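Residue-level listing of the chains:
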Amino acid sequence: MIEIRGLKKAFGAKQVLRGIDLTVPTGGTTCIIGKSGCGKSVLLKHIVGLLKADEGDVFLDGKNIRDFNREEIYALRRSVGFVFQGAALFDSLTVFDNVVISLVEHGEKDTEKLDSEARRVLSAVGLLPPRSESGTAAYEKEYAIIREKKPSDLSGGMRKRVGVARALVGSPDYIFYDEPTTGLDPITSQQIDDLVGELAKSLKATSVVITHDMFSVFNIADHVVMLEAGLVQFSGSVAELRASQDPVVVEFLARYV
Ligand SMILES: Nc1ncnc2c1ncn2[C@@H]1O[C@H](COP(=O)(O)OP(=O)(O)O)[C@@H](O)[C@H]1O
Ligand SMILES: [Mg+2]
């Protein structure tokens, strides 16, 4: 479970987060919505320890990440997968190297382990046939092709899948997606939503999805949190969101649905 209490963050004179209180329950998918620039990405960066709060606390499974030493911060980074806004792949690296980069950076040199993890996550995101077909000629042929591709050889949807595959490496307890469908056409967006939804079910990880795409929210959310002007404006189920009479929520839904 992730608990955030009284989180405040300013950049210079600009107060972005003004006292965020929220709980992300373990399991299922929580969507964080809100207008562009309202602080969604900044909030996510605090949860994974990439930004430090001015005030307030983030608790991960009951532990305050403010108290973490360097090793615990590294362990935290390993227990979360992060799909960055855009795909944020390294253009000069192959799909294989993009996917296993965090393992390599943590000193993993066992090529068999890297290979097996790459196969597992590429299958999980649909860039390879199911793992059970590993060893068949068709699977091995596809693997040999996809692993050597460069991001520029791939469509936007495939690049996004590689970004998701990279986040699944090491079987994290939490997977964070920052605007996974932004910049994709409606059909590809739907496919990525389906993938996010399927992964939430098949992996026992907790998913947190930042989005301003209300179709995504209705497709995949178990729980919705809406930010507005640096505060939590709404927190509840999709049904509660739809039924909300709060003018700010009503206006947001009218604009984005
Ligand atoms: N590192 C930074 N330095 C200065 N301002 C920042 C930084 N990161 C984000 N901001 C500002 O904080 C606000 C919220 O940004 P962000 O969380 O990225 O919005 P969004 O909800 O669209 O993800 C924006 O006004 C942005 O310009
Ligand atoms: Mg953002």
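Quick note: structure is the one above.
What comes next is a walk through the structure. (Residues numbered from 1 in each chain as written. Chains lettered and ligands numbered in written order. Predicted model: local features only at pLDDT ≥ 70, side-chain atom pairs only at ≥ 80, totals over all residues. Heavy atoms only, no water.)

1. A closer look at the pattern of salt bridges
Then step 1. Under the defined criterion, the tally for this structure stands at eleven salt bridges.
Then step 2. Across the pair R5 and E3 runs a salt bridge, and its minimum N-O distance is 3.1 Å.
Then step 3. The exposure class of R5 is partly exposed, given its relative accessible area of 32%.
Then step 4. Take E3: its relative accessible area is 23%, and that puts it in the partly exposed class.
Then step 5. R66 is the salt-bridge partner of D57, the closest N and O atoms lying 3.3 Å from each other. (Salt bridge = Lys/Arg side-chain N within 4 Å of Asp/Glu carboxyl O. Buried < 20%, exposed > 50% of the residue type's maximum accessible area, 1.4 Å probe, protein only.)

2. Here's the deal with helix α7 (residues 186–202)
Then step 1. Here α7 contains 17 residues, and its C-alpha end-to-end distance of 24 Å stays within 8% of the 24 Å for a straight helix at 1.5 Å per residue.
Then step 2. Along α7, the positions that sit buried rather than exposed are T188, S189, I192, D193, L195, V196, G197, L199 and A200.
Then step 3. Contacts from the buried residues of α7 go to β3 (29–33), α4 (111–124), α6 (156–168), β7 (174–178), β8 (206–210) and α8 (214–220).
Then step 4. Sitting at the head of α7, D185 places a side-chain oxygen 3.0 Å from the backbone nitrogen of I187. (Helix = DSSP H or I, 4+ residues; strand = E, 2+ residues; numbered from the N terminus. Expected span 1.5 Å × (residues − 1). Contact = heavy atoms within 4.5 Å. Polar contact = N/O pair within 3.5 Å; in protein donor to acceptor, adjacent residues only side chain to side chain.)

3. A short note on the sheet that holds strand β1 (residues 2–11)
Then step 1. Taken together, the four strands give an open sheet; going across it, the order is β2-β1-β4-β5, and neighbouring strands pair in antiparallel fashion. Each having just a single partner strand, β2 (14–24) and β5 (63–64) make up the two edges of the open sheet.
Then step 2. As paired strands, β1 and β2 are joined by eight bridges and run antiparallel to one another. Bridge assignment links E3 to a residue of β2, and that residue is T23. (Pairing = 2+ DSSP bridges.)

4. Structural notes on the pairing of β1
For a regular strand, side chains alternate in direction, first toward one face of the sheet and then toward the other.
Then step 1. Hairpin connection from β1 to β2: two residues lie between these consecutive antiparallel strands, with G12 at a positive phi of about 60°.
Then step 2. Where β1 meets strand β4 (residues 55–60), five bridges bridge the pair, whose relative direction is antiparallel. Considered in β4, the bridge of R5 is made with D57.

5. What to know about the site of ligand 1
Then step 1. Taken together, F11, K14, V16, K35, S36, G37, C38, G39, K40, S41 and V42 make up all the residues around ligand 1.
Then step 2. Between ligand 1 and the protein, one listed contact pairs an oxygen atom with a backbone N or O atom of G39 at 3.0 Å.
Then step 3. Within the side chain of S41, an N or O atom sits 2.9 Å from an oxygen atom of ligand 1.
Then step 4. Protein coverage of the free-state accessible area of ligand 1, which is 570 Å², stands at 60%.
Then step 5. When residues of the shell around ligand 1 are traced back to their parent elements, those giving at least two are β2 and α1 (40–47).
Then step 6. Along the lines of polarity and charge, the residues of the shell around ligand 1 split into four nonpolar, four polar and three charged. (Near = heavy atom within 4 Å. Areas by Shrake-Rupley, 256 points an atom, 1.4 Å probe, with all protein chains shown as cover. Nonpolar A, V, L, I, M, F, W, Y, C, P; charged D, E, K, R; others polar.)

6. Brief notes about the sheet that holds strand β9 (residues 223–228)
Then step 1. If you trace the six strands from one edge of the open sheet to the other, you get β6-β7-β8-β3-β9-β10, paired in mixed fashion. Edge positions in the sheet fall to β6 (80–83) and β10 (231–236), since each has one partner strand and no second. The mean inter-strand angle of the sheet, taken between neighbouring strand axes irrespective of direction, is 15°.
Then step 2. As defined by bridge partners, β6 adjoins β7 across four bridges and the pair is classed as parallel. In the sheet register, G81 faces β7, and the bridge partner there is I175.
Then step 3. In this fold α1 packs onto β3, β6, β7, β8 and β9, with an angle of close to 155° to the strand it touches most, β7.
Then step 4. Running at roughly 165° to β6, α6 makes contact with β6 and β7 of the sheet. (Axes fitted to C-alpha atoms, helices over the stretch in contact; angles between N-to-C directions.)

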